[in-house]
Amino acid sequence: PTAVTQTDTEWGRIWDALPAGFPRYAGSASADDAGPDPVSAAYAITGTDAGEVATWAQTAMETAAYSTEALSGPLEDGQYILDSVGDDGCRIETAITPQGGMILVTVRYGADCPAP
């Protein structure tokens, strides 16, 4: 099996994938080609709004044993940013961004988190 790599971003060093079982909104579709910025995962959701997805993400992360450091939003563009933390310096940033008729969710899973 191929080892998962890491990438340096303006946010910090991230894993290039998420671990199996990482919380993901039901019915979402992969959006790996969503933009030029490196992320650990990207997916698109239709049929809901960004506020509902942000609330779901916070609850799902806390159920998965990550603490909420901050939930910011809605920002000027309607985006929400969820900053979560885990054990041993693990940091995760989840951006929930409305784009037309869909919501784009991008996740940066910090390099200090357990390997995917």
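Residues numbered from 1 in each chain as written. Predicted model: local features only at pLDDT ≥ 70, side-chain atom pairs only at ≥ 80, totals over all residues. Heavy atoms only, no water.

1. Quick notes on the overall build of the protein
Here is step 1 of the chain: Across its full length, the protein holds one helix and eight strands.
Here is step 2 of the chain: Tracing the protein from N to C terminus, the helices and strands come up as β-β-β-β-α-β-β-β-β.
Here is step 3 of the chain: Relative to the globule expectation of 13 Å for 116 residues, the C-alpha radius of gyration of the protein, 13 Å, shows essentially globular dimensions.
Here is step 4 of the chain: If you line up the protein on its principal axes, its C-alpha atoms span 35 × 30 × 25 Å.
Here is step 5 of the chain: Here the protein holds 116 residues, and 40% of them are scored as buried.
Here is step 6 of the chain: Contacts spanning at least 24 positions in sequence make up 45% of the contacts within the protein whose residues lie at least 6 apart.
Here is step 7 of the chain: About 6300 Å² of surface is accessible on the protein, with carbon and sulfur atoms providing 49% of the total.
Here is step 8 of the chain: Each charge class in the protein can be summarised by its mean position, and for the 4 positive and 17 negative side chains these summaries are 6 Å apart. (Helix = DSSP H or I, 4+ residues; strand = E, 2+ residues; numbered from the N terminus. Rg over C-alpha atoms; globule rule 2.2 N^0.38 Å. Buried < 20%, exposed > 50% of the residue type's maximum accessible area, 1.4 Å probe, protein only. Contact = heavy atoms within 4.5 Å. Areas by Shrake-Rupley, 256 points an atom, 1.4 Å probe, with all protein chains shown as cover. Lys, Arg positive; Asp, Glu negative; His and termini not counted. Charge placed at Lys NZ, Arg CZ, Asp CG, Glu CD.)

2. Quick look at the pairing of strand β7 (residues 91–99)
Here is step 1 of the chain: Across six bridges, the pairing between strand β6 (residues 80–85) and β7 is antiparallel. The partner of tyrosine 80 across the bridge, within β7, is isoleucine 96.
Here is step 2 of the chain: Bridge analysis of β7 against strand β8 (residues 102–109) gives eight bridges, and the strand direction is antiparallel. In the sheet register, glutamate 93 faces β8, and the bridge partner there is arginine 108.
Here is step 3 of the chain: Adjacent in sequence and paired antiparallel, β7 and β8 are bridged by two residues, among which glycine 100 carries a positive phi angle near 65°. (Pairing = 2+ DSSP bridges.)

3. Focus: the sheet that holds strand β5 (residues 67–72)
Here is step 1 of the chain: The strand order across the open sheet built from six strands is β3-β4-β8-β7-β6-β5, with neighbouring strands paired in antiparallel fashion. If you trace the sheet from one side to the other, it starts and ends with β3 (29–30) and β5, each paired once.
Here is step 2 of the chain: In the packing of helix α1 (residues 50–63) onto the sheet, the strands contacted are β4 (41–46), β5, β6, β7 and β8, and the crossing angle to β6 comes to about 5°. (Axes fitted to C-alpha atoms, helices over the stretch in contact; angles between N-to-C directions.)

4. Considering the confidence of the model for the protein
Here is step 1 of the chain: In the predicted model, the protein carries a mean pLDDT of 94, and the fraction of residues at 70 or more is 98%.
Here is step 2 of the chain: β3 is the least confidently modelled element of the protein, averaging 94 in pLDDT, while β6 averages 98, the highest of any element. (pLDDT = per-residue confidence, 0-100.)

5. Points about the pattern of salt bridges
Here is step 1 of the chain: This model, assessed by the stated rule, comprises three salt bridges.
Here is step 2 of the chain: For arginine 13, the salt bridge goes to aspartate 8, with nearest N and O atoms at 2.9 Å.
Here is step 3 of the chain: Taking relative accessible area as the criterion, arginine 13 reaches 38% and is therefore assigned partly exposed.
Here is step 4 of the chain: By relative accessible area, aspartate 8 is classed as exposed at 57%.
Here is step 5 of the chain: The partner of glutamate 93 in a salt bridge is arginine 108, and the shortest N-O contact between them spans 3.4 Å. Of this pair, glutamate 93 sits in strand β7 while arginine 108 sits in strand β8, and the two are 15 residues apart along the sequence.
Here is step 6 of the chain: By relative accessible area, glutamate 93 is classed as buried at 14%.
Here is step 7 of the chain: Classification of arginine 108 by relative accessible area gives buried; the value is 10%. (Salt bridge = Lys/Arg side-chain N within 4 Å of Asp/Glu carboxyl O.)

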